[in-house]
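# Chain and residue survey
The primary structure of each chain is shown beneath.
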Amino acid sequence: MPVINEPRSLRAVGLGQVVRGGRRTLDDVSLTVRAGELVAVIGASGAGKTTLLEALAGVRPPAEGEVLFSGTPGPIGYVPQDDIIHQQLPLARTLRYAARLRGAPEQRVDEVLEVLRLTGRADTPVGSLSGGERKRASIAVELLARPSALFLDEPTSGLDPASAADLLALLRRLAADGVPVVLTTHNPADVQRCDTAVVLAPGGRLVYAGPARDTAAHFGADDIAGIYGRLDGAPTFEHDAGGTGLPGGATTPARRPAPRQTLLLTRRNLAVLVANRLTLAILAGSPLAILAMFLMLFKAGAFERPDPSTTVMILFWIAFGVFFFGLTYGLLQICTELAILRREVFAGLRLGPYLAAKVILLLPLLAVVDLLLLGVLRALDRLPALAAADFGAVYVTTLLASACALALGLLCSASVSDVAQAGLLLPMLCFPQVLFVGAILPVPQMAAVGRWMSYAMSNRWSFEALGHSTGLEALWRDGGSPLGPPLLATYGDSFSRPVLVDWLILGGMTAVFLAATWGVLRRRA
């Protein structure tokens, strides 16, 4: 069976792109890429190579001009610089998930592995492949849907010369089948293996588009490396890109129904989680470590002859503990796979199912963790004796608090670019949830700004709901401690509000955070 659909030639006419601040990254670029050509886009860093590639592929439409395609419409393959597949799963299994998301038959996986000479590595985890093999694996994802054109952003970056040569030989074979292949590169050896070179000067000006073998001579240089010092003053290249064609880059991908996408993504997320033993150990181990610290910190029987200051801190740390569980579960979920998400959205993935799959997988884990925390604390007399209904209310509060923190973690994960940035956010998110909750300083006693800040703290509403469900007011009023009534007066009506109100606030905040996450991902992906 063919690796590609019917090939398509393309013509770019007057492409222009302007970034924030008014700086041009493409300036009236016109060129033609014919079916079966292997084209290298080169130029100094920041000259607009990736911008041009994204415009041609339809990943980011240009602000000016248009891209015209001729030939039978078909999907477009786009391989960014970052790996676009999960590292934890075996290669063949990863490709099967990708095929299902794209609506491609699973037998395509074996065909693509054979074409890319990866059959012998089918059962190897992607993270254990060599750099060249991982790049071929990313190309394999794009070949599943039989693209009619293929675009690659610096595919040889980071590869040794032998691996880079092997990859260019592979791209040459794909081009020989009739598919136009366009790549960006900084490697002069890559250009020599291509049919056509496209050279961009700073500011995104096209200064050459023609046979790769003539590129150095056009600039009066001895070799490809020698042209870089001659680009600033090079005249703009006049290229006739006129002609007929169909407007647009990639054809609109055929999207699978949202429920099927959600189910498939949930299964893949679970497989990735189980395969990543370190992440699994952290998700399971951190709640156990916090529970152990709580048992060492809270003495048994603290609610039998209640000291008000002790009981308020126990409930606060329980509220903070379940908040911390949810936040850490969500904080690393998206930033580690943004490149994968961008490519899958381009291939037809909906953001709603993507977010739903994260919640469907993680919320049951949090439900088990919260129940374990409360069950152990109650069994070892670190909580007051509660009727079943009151214990159920406490559990609902902790679950809603974890869900809200999970949604906040997903929002922050979608907003940052890497794990390091997410790690820096963790204390910044936790510290206000300690100060403005009302445990250390009651909300009515805060300065006006602090009181307003407290409304935005999800931990405040879970802490107050826990105080209501455990009967904190009655414990303080009737427990015999002279500190109880005065302390109760400083809290005002914090613990007398119906718990349903706190639940509605937590649920509303969860919905807002998830909607904001969707909005951030829509902008970034």
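The structure this text deals with has already been given above.
Keep in mind the model is a prediction, meaning the values are calculated, not measured.

## Quick word on the packing of aromatic side chains
This model, assessed by the stated rule, comprises twelve aromatic pairs. Aromatic side chains Phe463 and Phe495 sit 5.5 Å apart centroid to centroid with 80 degrees between the ring planes, which places their arrangement in the edge-to-face category. In this pair, Phe463 is assigned in helix H16 (residues 458-469) and Phe495 in the loop between helix H18 (484-491) and helix H19 (499-524), connecting sequence segments 32 residues apart. Each member of the pair Phe463 and Phe495 is classed as buried. For the pair Tyr491 and Phe495, a centre-to-centre distance of 5.2 Å together with 35 degrees between the ring planes defines the contact as tilted. You can call Phe495 buried: its relative accessible area is 3%. A cation over a ring is seen here: Arg100 above Tyr97, with NZ or CZ 5.4 Å from the ring centre.

## Considerations on the environment of Asp478
Tracing the backbone through its elements, the reader meets Asp478 in helix H17 (residues 472-478). Between the alpha carbons of Asp478 and Pro306 there is a distance of 9.5 Å; along the sequence they are 172 residues apart.

## Let's talk about the pairing of strand E6 (residues 149-153)
Here E6 lies mainly inside the structure; five of its five residues are buried. Going residue by residue along E6, you find Ala149, Phe151 and Asp153 tucked away on one face and Leu150 and Leu152 tucked away on the opposite face as well. One ladder, built from four bridges, connects strand E5 (residues 76-79) with E6; its direction is parallel. In the sheet register, Gly77 faces E6, and the bridge partner there is Leu150. Where E6 and strand E7 (residues 181-184) come together, four bridges link them in parallel fashion. What sits directly across from Leu150, in E7, is Val181. In this fold, E6 hands off to helix H5 (residues 161-176), which returns the chain to E7; that crossover is right-handed.

## A few points about helix H3 (residues 107-115)
Turning to H3, its buried residues are Arg108, Val109, Glu111, Val112 and Leu113. For H3, the secondary structure elements touched by its buried residues are helix H2 (91-102) and helix H4 (131-143).

## Observations concerning helix H10 (residues 308-331)
Over its 24 residues, H10 runs 34 Å from end to end, which matches the ideal 34 Å to within 8%, given 1.5 Å per residue. Among the 24 residues that make up H10, 18 are buried, leaving the element largely enclosed by the rest of the structure.

## Side note on the nonpolar core
If you look at the biggest cluster of nonpolar residues, it comprises 81 residues, and the most contacted ones within it are Ile318, Phe463 and Leu521. Sort the elements by how many residues they give to this core and H10 lands first, with 13 residues. Excluding residues within four positions of it along the chain, Leu521 makes contact with Ile334, Leu338, Leu341, Leu351, Tyr354, Leu355 and Ala414. By size, the runner-up hydrophobic cluster in this structure holds 53 residues, among which are Leu129, Ile139, Val207 and Ala221.

## Focus: the side chain of Gln433
Considering the arrangement of structural elements, one finds Gln433 in helix H14 (residues 419-435). A residue is classified by how much of its surface remains accessible, and Gln433, at 4% relative accessible area, is buried. Among the polar contacts made by the side chain of Gln433, one reaches the main-chain amide nitrogen of Asn459 at a distance of 3.0 Å. With residues near it in sequence (within four places) discarded, Gln433 still touches Phe316, Phe320, Phe323, Met457, Ser458 and Asn459.

## Focus on the packing of H16 against H19
Look at H16 against H19: their axes get within 9 Å of each other, and the N-to-C directions meet at 155 degrees. Between H16 and H19, the interaxial angle falls into the category roughly antiparallel. The handedness of the crossing between H16 and H19 comes out as left-handed. Between H16 and H19, the residues in contact are Ser458, Trp461, Ser462, Glu464, Ala465, His468 and Ser469 and Val499, Asp502, Ile505, Leu506 and Met509, respectively. Residues that form the contact of H16 with H19 fall into these classes: six nonpolar, four polar and two charged.

## Re a nonpolar patch on the surface
Where nonpolar side chains cluster on the molecular surface, the patch consists of Phe431, Leu435, Ile440 and Leu441 and spans about 390 Å² of accessible area. Mapped onto the elements, Leu441 comes out in the loop between H14 and helix H15 (448-455). Relative accessible area serves as the criterion here: at 40%, Leu441 is assigned to the partly exposed category.

## Focus on the pattern of salt bridges
Side chains that differ in sign of charge can pair as their charged atoms come close. Evaluated as defined, the whole model comprises 16 salt bridges. Note that Glu133 and Arg121 form a salt bridge whose closest N and O atoms lie 3.3 Å from each other. Taken together, the positions of Glu133 in helix H4 and Arg121 in the loop between H3 and H4 put the pair twelve residues apart, joining distant regions of the chain. Overall, the relative accessible area of 15% leaves Glu133 in the buried class. For Arg121, a relative accessible area of 28% puts it in the partly exposed group. Where Glu344 meets Arg268, a salt bridge forms, and the shortest distance between an N and an O atom there is 2.7 Å. Residue Glu344 is found in helix H11 (residues 338-346), and its partner Arg268 is found in helix H8 (residues 258-275); the two are separated by 76 residues along the sequence. Each member of the pair Glu344 and Arg268 is classed as buried. Linked by salt bridges that have partners in common, Arg460, Glu464, Arg497 and Asp502 make up one network.

What counts and what doesn't
Residues numbered from 1 in each chain as written. Predicted model: local features only at pLDDT ≥ 70, side-chain atom pairs only at ≥ 80, totals over all residues. Heavy atoms only, no water. Phe/Tyr/Trp six-rings, centres within 6.5 Å; stacked < 30°, edge-to-face > 60°. Helix = DSSP H or I, 4+ residues; strand = E, 2+ residues; numbered from the N terminus. Buried < 20%, exposed > 50% of the residue type's maximum accessible area, 1.4 Å probe, protein only. Lys NZ or Arg CZ within 6 Å of the ring centre and 35° of its normal. Pairing = 2+ DSSP bridges. Right-handed = clockwise from strand over helix to strand, strands pointing away. Contact = heavy atoms within 4.5 Å. Expected span 1.5 Å × (residues − 1). Core = buried A, V, L, I, M, F, W, Y, C linked by side-chain atoms within 4.5 Å. Polar contact = N/O pair within 3.5 Å; in protein donor to acceptor, adjacent residues only side chain to side chain. Axes fitted to C-alpha atoms, helices over the stretch in contact; angles between N-to-C directions. Parallel < 35°, antiparallel > 145°, perpendicular 65-115°, else oblique. Left-handed = near helix turned anticlockwise from the far one by under 90°. Nonpolar A, V, L, I, M, F, W, Y, C, P; charged D, E, K, R; others polar. Patch = residues over 30% accessible without salt bridge, like charges linked within 9 Å, V, L, I, M, F, W, Y side chains within 5 Å. Areas by Shrake-Rupley, 256 points an atom, 1.4 Å probe, with all protein chains shown as cover. Salt bridge = Lys/Arg side-chain N within 4 Å of Asp/Glu carboxyl O.

Read these as spatial facts, not as claims about activity.
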